[in-house]
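Structure assessment
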Amino acid sequence: MTELVEPLRASVTAFSEGDRVGRLKIDEGGEELKFGGTACCGFTPTVGETVFVTSVGPHPLGGRKALRIRRDAVTESEVRQ
């Protein structure tokens, strides 16, 4: 797991309530990340919502996945303080 120094602003492009999995598109660069519902800290995402990725890790099928997603642009270290 890699905590990011600056949160990545992203848009939720897909989310399945039943499976609790979704996709994000990072605003800068357009990278797509997969995520699971447990990555969302205290909220259920909706398609089109702007969120902030604070931690990423490798996805088993290649690329990266979002491990922590927040509604506010704060880092994980700021949350711990």
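Our structure is the block above this text.
Residues numbered from 1 in each chain as written. Predicted model: local features only at pLDDT ≥ 70, side-chain atom pairs only at ≥ 80, totals over all residues. Heavy atoms only, no water.

Turning next to the pattern of salt bridges. Following the criterion strictly, the structure yields 7 salt bridges and no others. Note that Arg-9 and Asp-27 form a salt bridge whose closest N and O atoms lie 2.9 Å from each other. With Arg-9 in strand E1 (residues 2-16) and Asp-27 in the loop between strand E2 (21-26) and strand E3 (32-36), this residue pair connects regions lying 18 residues apart in the sequence. Exposure remark for Arg-9: the relative accessible area of 45% places this residue in the partly exposed category. Here Arg-70 ties to Glu-76 by a salt bridge, and the two come within 2.8 Å at their closest N and O atoms. Glu-76 matches Arg-70 in its accessibility class, with the two residues each being buried. (Salt bridge = Lys/Arg side-chain N within 4 Å of Asp/Glu carboxyl O. Helix = DSSP H or I, 4+ residues; strand = E, 2+ residues; numbered from the N terminus. Buried < 20%, exposed > 50% of the residue type's maximum accessible area, 1.4 Å probe, protein only.)

Everything listed here is a matter of geometry and, on its own, says nothing about what the molecule does.
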